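Residues per chain, in single letters:
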Amino acid sequence: MTAQADTWLPLSPAERAVALEVLTRGPLSRSELARRRGLSAGSLTRLTKPLIESGLLVDAPVGSAARAEARQGRPSQPLDVVAESRTFAGFKITEDAVYGVVTTLRSDIVACRDVPLPGRDPDQVVAAVGVLTDGFARDFPSLCGVGIGLGGRAQDRCVVDESAFLGWRDVPLGRLVHQRTGLPTVVDNDVSALVEAESWFGAGRDLDRFAVLTIGAGLGYGLVSGGRRVETPEDGLGVGRFWIVDPHGPLTPDGARGSAISLLTIPSIRYQVRAATGEDATYEQILARAAEGDPLPARVIGEAARALGTLVAQIANFAAPQKILLAGEGVGLVDVAGPAIEDAIRANRHPRADPVDLETKVSDFHDWARGAAVLALQVLVLGPAGPRSGR
């Protein structure tokens, strides 16, 4: 059960399904909503009444499509969520800072604040999250939940089972933050949170099969099938360390030789250039020099591009998603080495296979925090089971 998720909408499963339909796809005319849910007009009226009375749904202004329906004699008054009626705090925890956002019910970011971490002790992290939450609550009285995303594994969306970069094991972060803030709190792996946000409100909206691959300080992967994120015991373990792309590839301090981690992540790319030149260049500098034709950076970036293309092709081959979203701080690689990535995708796909629908999104830490806020939003809408209850 989600940590301290003792506040959620007291709705029946059918009412939740209607609310979720409007939340993720609205505004919807009543006739369209009834069609989508397979409901009669009377049943829809009965189910939407408590949602309207609670302030979650509202009769929206009649648009052109609804007016056209009205001319044809069908019910036309659209329903929409009151996006600002409830807000959610989301936090991304890194090695040295906590990045926070406030979002609406539609996951739109309406505030951002960050604080540095004086250390990685759980008490220090909880204190930082508490300070940010206090400020958010003063500015947004409608704040009703906290979501936290971090690199690592979480149990029951409450306990940080393991986080290598924080040096944590079995830390009940959800309970500690709830005690500090008084708000229902949910904790999960940051990639899992991002996948949920993109599935509900982003690139994967309305898709049955959807994959997310993130590259940055690390490498992350998530899959949606049947409209739900696929949860596995390996979530947060860092599978990229053992995802061998080129067995003759580089050996770096993080990940096996030729693994996706050793080829693709920002620290590994910087390590390879530093080991060869003795210069500690930034990722952006390496990309720029590769684009200019500097041989060593161009070689490293070329290997990374081929690794990325191979990974994308493998995901397409085995998971058959309708779309793959490439996200994270490292997606500038696509701008510099796009043709090499495309060549590697084609080389690892059947010649007659459909082109891969690959979308890229540069994600900063506030985007990751938004994903965490969606976790809290899901608890409100779906109840304590969160996304396990379905989309």
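Treat the numbers as computed from the prediction; the structure is a model and nothing was measured.

**Re the overall build of the protein chain**
For step 1, the next point in the chain: Of regular secondary structure, the protein chain possesses 13 helices and 16 strands.
For step 2, the next point in the chain: By the compact-globule yardstick of 21 Å for 391 residues, the protein chain fits well, its C-alpha radius of gyration being 23 Å.
For step 3, the next point in the chain: When its C-alpha atoms are laid out on the principal axes, the protein chain stretches across 70 × 55 × 35 Å.
For step 4, the next point in the chain: Here the protein chain, with 391 residues, has 52% of them falling under the buried criterion.
For step 5, the next point in the chain: Of the contacts made within the protein chain by residues no fewer than 6 positions apart, 63% connect residues no fewer than 24 positions apart.
For step 6, the next point in the chain: Accessible surface computed for the protein chain: about 16800 Å², of which carbon and sulfur atoms make up 51%.

**As for the pairing of strand β4 (residues 87-93)**
For step 1, the next point in the chain: Burial within β4 is extensive, with seven of its seven residues counted as buried.
For step 2, the next point in the chain: Side chains T87, A89, F91 and I93 project from β4 onto one buried face, and the interleaved F88, G90 and K92 project onto a second face that is buried too.
For step 3, the next point in the chain: Pairing between β4 and strand β7 (residues 143-150): six bridges, direction parallel. Each residue of the ladder has a partner; that of T87, found in β7, is L143.
For step 4, the next point in the chain: Looking at chain direction, β4 and strand β5 (residues 97-103) are connected through six bridges and run antiparallel. Looking across to β5, one finds that G90 is bridged to V101.
For step 5, the next point in the chain: Linking β4 to β5, which pair antiparallel, is a turn of three residues.

**Concerning the pattern of salt bridges**
For step 1, the next point in the chain: Counted according to the given criterion, the structure contains 26 salt bridges.
For step 2, the next point in the chain: With its nearest N and O atoms 4.0 Å apart, the salt bridge here joins E198 to R370. Residue E198 is found in helix α7 (residues 190-201), and its partner R370 is found in helix α13 (residues 365-382); the two are separated by 172 residues along the sequence.
For step 3, the next point in the chain: Exposure remark for R370: the relative accessible area of 11% places this residue in the buried category.
For step 4, the next point in the chain: A salt bridge links R346 to D343; the shortest N-O distance between them is 2.4 Å. Of the two residues, R346 and D343 both sit in helix α12 (residues 332-347), three residues apart, roughly one turn of that helix.

**With respect to the nonpolar core**
For step 1, the next point in the chain: L219, L264, L308 and L333 are the most contacted members of the largest nonpolar core, which totals 36 residues.
For step 2, the next point in the chain: Put simply, the parts of the chain that give this core at least two residues each are β12 (209-215), α8 (260-264), α9 (266-277), α10 (283-292), α11 (295-319), β15 (323-328) and α12.
For step 3, the next point in the chain: In contact with L333, other than residues within four places in its own chain, are I215, L264, Y283, L287, I301, A304, A305, L308, G338 and I341.
For step 4, the next point in the chain: Listed in part, the 33 residues of the second largest apolar core include F88, W200, V379 and V381.

**Quick look at the sheet that holds strand β3 (residues 78-81)**
Backbone-to-backbone hydrogen bonds pair the strands of a sheet. The strands run either parallel or antiparallel.
For step 1, the next point in the chain: Within the open sheet, the three strands sit side by side as β1-β3-β2. Their pairing is antiparallel. Whereas interior strands pair on both sides, the edge strands pair on one side only; in this sheet they are β1 (28-29) and β2 (57-59).
For step 2, the next point in the chain: Taken together, the two bridges between β1 and β3 define a ladder with antiparallel strand orientation. Note that in β3 the partner of S29 across the bridge is P78.

**Description of helix α2 (residues 30-37)**
For step 1, the next point in the chain: Residues of α2 that are buried include every one of S31, L33 and A34, and no others. Angularly, the buried residues of α2 cover 165° about the axis, an arc narrow enough to put them on a single face.
For step 2, the next point in the chain: Just downstream of α2 lies G38, where phi reads positive at about 65°.

**Let's talk about unusual backbone geometry**
For step 1, the next point in the chain: Cis geometry is found at the peptide bond from G26 to P27, where omega equals 5°.
For step 2, the next point in the chain: Despite not being glycine, S107 shows a phi value in the positive range, around 70°.
For step 3, the next point in the chain: By the secondary structure assignment, S107 is in the loop between β5 and β6 (109-116).
For step 4, the next point in the chain: For S107, a relative accessible area of 2% translates into the label buried.
For step 5, the next point in the chain: Unusually for a residue other than glycine, D156 sits at a positive phi of about 55°.
For step 6, the next point in the chain: Its place among the elements puts D156 in the loop between β8 (153-155) and β9 (159-163).

**Re helix α1 (residues 13-25)**
For step 1, the next point in the chain: Taking 1.5 Å of rise per residue, 13 residues should cover 18 Å, and α1 covers 18 Å from first to last C-alpha, within 8% of that figure.
For step 2, the next point in the chain: For α1, every residue scored as buried is listed here: E15, R16, V18, A19, L20, E21, V22, L23 and T24.

**Overview of the packing of α9 against α11**
The description of two helices packed together rests on the angle between their axes and the distance between the axes.
For step 1, the next point in the chain: Two elements in contact, α9 and α11, have axes separated by 10 Å at closest approach and are oriented at 150°. When the axis of α9 is compared with that of α11, the two are roughly antiparallel. Remark: the crossing between α9 and α11 carries right-handed chirality. Residues I269, Q272, V273, A276 and T277 of α9 touch α11, and the partners they reach there are L296, V300, I301, E303 and A304.
For step 2, the next point in the chain: Here the contact of α9 with α11 is built from residues that sort into seven nonpolar, two polar and one charged.

Thresholds applied
- Residues numbered from 1 in each chain as written.
- Predicted model: local features only at pLDDT ≥ 70, side-chain atom pairs only at ≥ 80, totals over all residues.
- Heavy atoms only, no water.
- Helix = DSSP H or I, 4+ residues; strand = E, 2+ residues; numbered from the N terminus.
- Rg over C-alpha atoms; globule rule 2.2 N^0.38 Å.
- Buried < 20%, exposed > 50% of the residue type's maximum accessible area, 1.4 Å probe, protein only.
- Contact = heavy atoms within 4.5 Å.
- Areas by Shrake-Rupley, 256 points an atom, 1.4 Å probe, with all protein chains shown as cover.
- Pairing = 2+ DSSP bridges.
- Salt bridge = Lys/Arg side-chain N within 4 Å of Asp/Glu carboxyl O.
- Core = buried A, V, L, I, M, F, W, Y, C linked by side-chain atoms within 4.5 Å.
- Arc of directions from axis to C-beta.
- Expected span 1.5 Å × (residues − 1).
- Axes fitted to C-alpha atoms, helices over the stretch in contact; angles between N-to-C directions.
- Parallel < 35°, antiparallel > 145°, perpendicular 65-115°, else oblique.
- Left-handed = near helix turned anticlockwise from the far one by under 90°.
- Nonpolar A, V, L, I, M, F, W, Y, C, P; charged D, E, K, R; others polar.

By themselves these figures say nothing about function.
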